[in-house]
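Examination of the molecular architecture
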Amino acid sequence: MAEGSRLEAVYRQHGPAATRLAYLLTGDADLAHDLTQEAFVKLAGGFKHLRSADSVRAYLNRIIVNLSKDHFRRAKVERSYLASRRAERAPTTDPVDVEGRSSMMTALEALGHRQRAAVVLRFYEDMTEPQIANAMGLSTAAARSLLARAMKTLRNEMEGDER
Amino acid sequence: MNAFEERLRSEMQDAASDIEPRPLSTRSRGRVKLRQAGLTLAGVVVVAAAAMGTGLALNAFERPEPTPAAEGESLDPRGSGGTYPCEQPDLEGACIVTGTHEGKEWAIGATLDSNELCITNWFGTPDGSITGSGCERYGPDHLGMDTASPGGGLDLMAGEVPRDVARLVLERTSGASFELELYPAPAELGIEANFYAVFVPRDATALVGYDTAGKEILREEIDASMRGDFSDKDAKDTVVTEGELQGVQWELRAHETGPGSPCVGLSYTTGSLGTALGSCPHAKGDRPFGFQLGPFAGRTDVIVVYGWVTAPVDDLAIETRRGREQAHIADAPEGFDDDYRFFVAFPPAPGKGPVKAVFVGYDAAGNVVEETPLCPGYKLASNSTCGR
């Protein structure tokens, strides 16, 4: 199959799931679509190294996680720059449509991006701790610890909201 | 899975189900084709480099000793009045180190809350003090990086490294390196870490940590965004092109800090006041363009984007929900690397609501060479600068 046709087929198969994952990682639908397009451009460059459909999904998940991490890192730098300006003139985070969000999703979005990624990979993508570690470039112990801290924070947030 | 986890899963699935897939865009397909063509070429280059680099590899085990900063270059932020430990009442958190740099007082501190480590900064200016912070999740193996720019071409990068890092070295494209001083974390933070602070130079490439045996145990690349708006204040700018926008005279100016490392700035005059925005938006490397954006003459309806493009880019546009703004591209002045040209564009300032803006470079045949989102700074451009 030609590379272009293969990419189209893979996009049809994995694109929607990748976009949903990107959305849960970022909370921003437009950004999720942008990250997915970027992820498939990157994925196309790595086709020849992928052996199976399963490895496409895992590779794609890893790209999405990395792209969202890069996004938040850039945003952090920009926040830092802007925060150093005494006169704050604008909000420093991307606009997120919070209307209609459940309290659980709001609590999820309040997590740091690494904790949030761990939770999304565990409970949305159904990944095991070693798989999360692989997707996030961590040791299994670090992934376990990250997930545990994230769940603790989420529970605390939810208990606070429901009191 | 317990009830809480079930609920979490269910609500994530509900939220994700609202996202409607979109087809693979024409631009993405075009970028894939270009990338695949580029990868073929890159493969040849790698093989050639590997063949040529055999001799270099033999010497790679001997890590060169760090070299001091060049004369007149100030990377050590402590200057003459630096102190550790320190006190600065206006600084949030535990004061790590403070000093004076080119007449500006500064201080770096840290706070730790729920494993979120925030590097705080304070700068004294003639008009009062400015403060800021940047936060990252803290972990025992973490190398933190936070850059604050008080303006005037200074970018103070600071962060924490694990205690087992005995030496921390800043590497530069020139091959030179600079060893940073390490400051033990104040006891009140309760973490096993050391802090560093450095006025990060434009050509910084990585922070590298070594243990007591000299083994590299940690490495973090320094990308352009971490170098903030650092610019070579002493360089002599050349006027690339000039013009007028609604009564405001502007000049696009540039200099090189080295071959393929352009710095570009825009100055304009409103009344008797002149203002200069300046930056070195990325070493050229293999990127088709680099840019910086910022406010223009205090206007709320327009911003300015300026930077450089490489030879394959024939046309450059900023595409927003409000339309398409063509960039004005000008040749590099005589004596500059002739592989790139400079550009300036004045797209409409972002309005209210979600911002969507991409920067697209086309080749002479109209194919997309590269596209990149204008970073979140676009919507903050009344006060921001940012990289790609």
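Residues numbered from 1 in each chain as written. Chains lettered and ligands numbered in written order. Predicted model: local features only at pLDDT ≥ 70, side-chain atom pairs only at ≥ 80, totals over all residues. Heavy atoms only, no water.

1. Some thoughts on the overall build of chain B
Rules: Strands are runs of DSSP state E lasting at least two residues, helices are runs of H or I lasting at least four, and both sets are numbered from the N terminus onward. Categorising residues by exposure relies on relative accessible area from a 1.4 Å probe, with only protein chains included: less than 20% of the type maximum marks a residue as buried, more than 50% marks it as exposed, and the intermediate range marks it as partly exposed. Contacts between residues were defined by any pair of non-hydrogen atoms, one from each residue, lying within 4.5 Å. Per-residue and other accessible areas follow the Shrake-Rupley method at a 1.4 Å probe size, with only the shown protein chains counted as cover for residues.
Looking only at helices and strands, one finds three helices and 24 strands in chain B. Per-residue burial over chain B gives 49% buried out of 388 residues. Within chain B, residue pairs in contact and separated by at least 24 positions form 53% of the contacts whose partners lie at least 6 positions apart. Entry remark: accessible area of chain B is about 18,100 Å², with carbon and sulfur atoms responsible for 51%.

2. Some words on the pattern of salt bridges
Put simply, the rule reads: By definition here, a salt bridge exists when the distance from a side-chain nitrogen of Lys or Arg to a carboxyl oxygen of Asp or Glu is within 4 Å.
Tallying each qualifying case throughout the model produces twelve salt bridges over all chains. Among the ionic pairs, B:Arg9 bridges to A:Asp126, the shortest N-O distance being 2.2 Å. Taken together, the positions of B:Arg9 in helix H1 (residues 3–17) and A:Asp126 in the loop between helix H5 (113–124) and helix H6 (129–136) put the pair across two chains. The class for B:Arg9 is buried, based on a relative accessible area of 17%. The partner of B:Glu179 in a salt bridge is B:Arg167, and the shortest N-O contact between them spans 3.1 Å. Residue B:Glu179 is found in strand E8 (residues 177–180), and its partner B:Arg167 is found in strand E7 (residues 167–172); the two are separated by twelve residues along the sequence. One continuous salt-bridge network, built from bridges that share partners, spans B:Glu171, B:Glu216 and B:Arg219.

3. A closer look at the environment of B:Thr310
You can see B:Thr310 is positioned in strand E18 (residues 303–310). Distance in space between the C-alpha atoms of B:Thr310 and B:Phe289 is 6.1 Å, their sequence separation being 21 residues.

4. A short note on the environment of B:Leu266
As for its placement among the helices and strands, B:Leu266 is situated in strand E15 (residues 261–270). Along the primary structure B:Leu266 and B:Gly307 are separated by 41 residues, whereas in three dimensions their C-alpha atoms are 9.5 Å apart.

5. Considerations on the pairing of strand E1 (residues 94–101) of chain B
A regular strand places its side chains so that they alternate between the two faces of the sheet. All names here are of chain B. The condition is simple: Criterion used throughout: strands pair if DSSP finds at least two bridges between them.
In terms of burial, E1 is largely enclosed, as seven of its eight residues are buried. Where E1 meets strand E2 (residues 104–113), seven bridges bridge the pair, whose relative direction is antiparallel. The residue of E2 that forms the bridge with Thr 100 is Glu 105. Between E1 and E2, which follow one another and run antiparallel, lie two residues, and Glu 102 among them has a positive phi close to 45°.

6. A few points about the pairing of E8(B)
Across four bridges, the pairing between E7(B) and E8(B) is antiparallel. Its bridge partner being in E8(B), B:Val169 is matched across the sheet by B:Glu179.

7. Examining the sheet that holds strand E12 (residues 216–221) of chain B
Within a sheet, adjacent strands bond to each other through the backbone by hydrogen bonds, running parallel or antiparallel. All names here are of chain B. Filter applied, for reference: Here, axes are lines fitted to C-alpha atoms. For helices the fit covers the stretch in contact, and angles between N-to-C directions go from 0 to 180 degrees.
Pairing within the open sheet is antiparallel, and its four strands lie in the order E8-E7-E11-E12. Each edge of the open sheet is held by one strand with a lone partner, namely E8 and E12. Across the sheet, the mean angle separating the axes of adjacent strands is 25° when strand polarity is ignored. Sheet topology note: the strand E11 (residues 204–210)/E12 ladder contains five bridges and is antiparallel. The residue bridging Tyr 210 from the neighbouring strand is Glu 216, located in E12.

Fair warning: the whole summary comes from geometry, so function is off the table for now.
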